[in-house]
Amino acid sequence: MSILECKNLTKAYKRGRNVLDNMNITIPAGKIVGLLGPNGCGKSTLIKLISGLLQPNSGEILIDGKKVGEETKALVSYLPERTYFNNWMKVEELVSYFAEFYKDFDSEKAYRLLSDLDIDPKAKLKTLSKGTKEKVQLILVMSRRAKLYLLDEPIAGVDPAAREYILSTIVGNYDEDATIIITTHLIADVEQVLDDFMFVTYGGQILKSGSAEEARIENNCSLDELFREVFRCSQNF
């Protein structure tokens, strides 16, 4: 059963080319899916459309069979590419804010993950490093009991040790019936946690998709190597 369907999805900004051009995708429930492609190929735009922050020029998005709206926002937990919290806020204030705003937020889980990382709940964000801020934001997003998690570039801009923790947190802290979509251009770092993948190029075109493990076996190479080959061929074509 699919958790997400995008049908003939097109998005263009004023006086610009189509960022997404007649995109069609179906994503099943219970998977970790990588939306993989270079910067500027429309990954973040797609995530914002799914989350309801942007509206498509044409086409349709269905989440658990429902059109994007108030009802679907309760199903989706969204991690934006950039942190958006006010620096003057304390970590514990953010936990309280999420608990008040989202009925499915698990405060106990959030505090447990903060403790695992030795992050002081009473610390103000302005005193934390960029990598620690990223971890706090991820903890808050993953502490919701959502059906669909949208993680936009969750490992960009952090050191390798932080990336490892972020990926282990993603894998270890979601319901097996839920679905996670991860956008990234850092394919080598993220492919180890993926069930399925989609290679996206400019204009929101899907070059190749399928099971990550089957693709590695069939092509006798990593997803990162496969992407480079598929993308090179598409450029030459």
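Located above this text is the structure these notes cover.
Definitions and cut-offs
Residues numbered from 1 in each chain as written. Predicted model: local features only at pLDDT ≥ 70, side-chain atom pairs only at ≥ 80, totals over all residues. Heavy atoms only, no water. Phe/Tyr/Trp six-rings, centres within 6.5 Å; stacked < 30°, edge-to-face > 60°. Helix = DSSP H or I, 4+ residues; strand = E, 2+ residues; numbered from the N terminus. Buried < 20%, exposed > 50% of the residue type's maximum accessible area, 1.4 Å probe, protein only. Axes fitted to C-alpha atoms, helices over the stretch in contact; angles between N-to-C directions. Parallel < 35°, antiparallel > 145°, perpendicular 65-115°, else oblique. Left-handed = near helix turned anticlockwise from the far one by under 90°. Contact = heavy atoms within 4.5 Å. Nonpolar A, V, L, I, M, F, W, Y, C, P; charged D, E, K, R; others polar. Pairing = 2+ DSSP bridges. Core = buried A, V, L, I, M, F, W, Y, C linked by side-chain atoms within 4.5 Å.

A. Focus on the packing of aromatic side chains. Taken as a whole, this structure holds ten aromatic pairs when the rule is applied. With a centroid separation of 6.2 Å and 65° between ring planes, the pair formed by Y202 and F231 is classed as edge-to-face. With Y202 in the loop between strand 9 (196-201) and strand 10 (205-211) and F231 in helix 9 (residues 223-236), this residue pair connects regions lying 29 residues apart in the sequence. Given the relative accessible area of 38%, Y202 is considered partly exposed. Among the residues examined, F231 registers a relative accessible area of 15% and is labelled buried. Geometrically, the ring pair formed by F227 and F231 is stacked, given 5.5 Å between the ring centres and 20° between the ring planes. Taken together, the positions of F227 and F231, both in helix 9 and four residues apart, correspond to about one turn of that helix.

B. Representation of the packing of helix 4 (residues 107-116) against helix 5 (residues 130-142) in the model. At a minimum axis distance of 9 Å, the contact between helix 4 and helix 5 shows a crossing angle of 150°. It follows that helix 4 is roughly antiparallel to helix 5 by the angle criterion. Our pair here, helix 4 against helix 5, has a crossing hand that is right-handed. Only V136, I139 and M142 of helix 5 make contact with helix 4, whose side of the interface consists of K109, A110, L113 and L114. Looking at the contact of helix 4 with helix 5, its residues break down into six nonpolar, no polar and one charged.

C. A look at unusual backbone geometry. With a phi close to 50°, N8 is a non-glycine residue in the positive phi region. Looking at the element boundaries, N8 is found in strand 1 (residues 2-12). When its relative accessible area of 41% is taken as the criterion, N8 is described as partly exposed. Unusually for a residue other than glycine, D64 sits at a positive phi of about 55°. You can see D64 is positioned in the loop between strand 4 (58-63) and strand 5 (66-67).

D. Examining the environment of A29 more closely. Note that A29 resides in the loop between strand 2 (18-28) and strand 3 (32-36). A29 sits in the partly exposed class, given a relative accessible area of 36%. Counting along the chain gives 131 residues from A29 to P160, while the straight-line C-alpha distance between them is 29 Å. Look past the residues within four positions of A29 in its chain and what remains in contact with it is M1, S2, I3, D177 and T179.

E. Up close: the pairing of strand 8 (residues 179-184). Here strand 8 lies mainly inside the structure; six of its six residues are buried. By the bridge criterion, five bridges tie strand 3 to strand 8 in an arrangement that is parallel. Note that in strand 8 the partner of I32 across the bridge is I180. Note: strand 7 (residues 148-152) against strand 8, five bridges, orientation parallel. Across the sheet, residue L150 finds its bridge partner in strand 8, namely I181.

F. Fine view of the nonpolar core. Ranked by size, the top nonpolar core spans 33 residues in total, and within it Y149, L151, I180, I182, L194 and L223 carry the most contacts. Once you skip the residues sitting within four places of it in the chain, Y149 turns out to touch S77, V141, M142, R144, Y174, A178, T179, I180 and I181. Counting residues in hydrophobic clusters, the runner-up holds 25 residues, among them I3, L4, L20 and I47.

G. Main features of the sheet that holds strand 6 (residues 76-79). Read from one edge to the other, the open sheet built from six strands follows the order 6-7-8-3-9-10, with strand pairing classed as mixed. This sheet does not close on itself; its edge strands, each paired only once, are strand 6 and strand 10. The mean inter-strand angle of the sheet, taken between neighbouring strand axes irrespective of direction, is 15°. As defined by bridge partners, strand 9 adjoins strand 10 across six bridges and the pair is classed as antiparallel. Pairing of M198 across the sheet is with S209, part of strand 10. Packing of helix 1 (residues 43-51) onto the sheet brings it into contact with strand 3, strand 6, strand 7 and strand 8, and relative to strand 7 it is tilted by some 150°. Sheet strands touched by helix 8 (residues 212-219): strand 9 and strand 10. Its angle to strand 10, the strand with the most contacts, is close to 95°.

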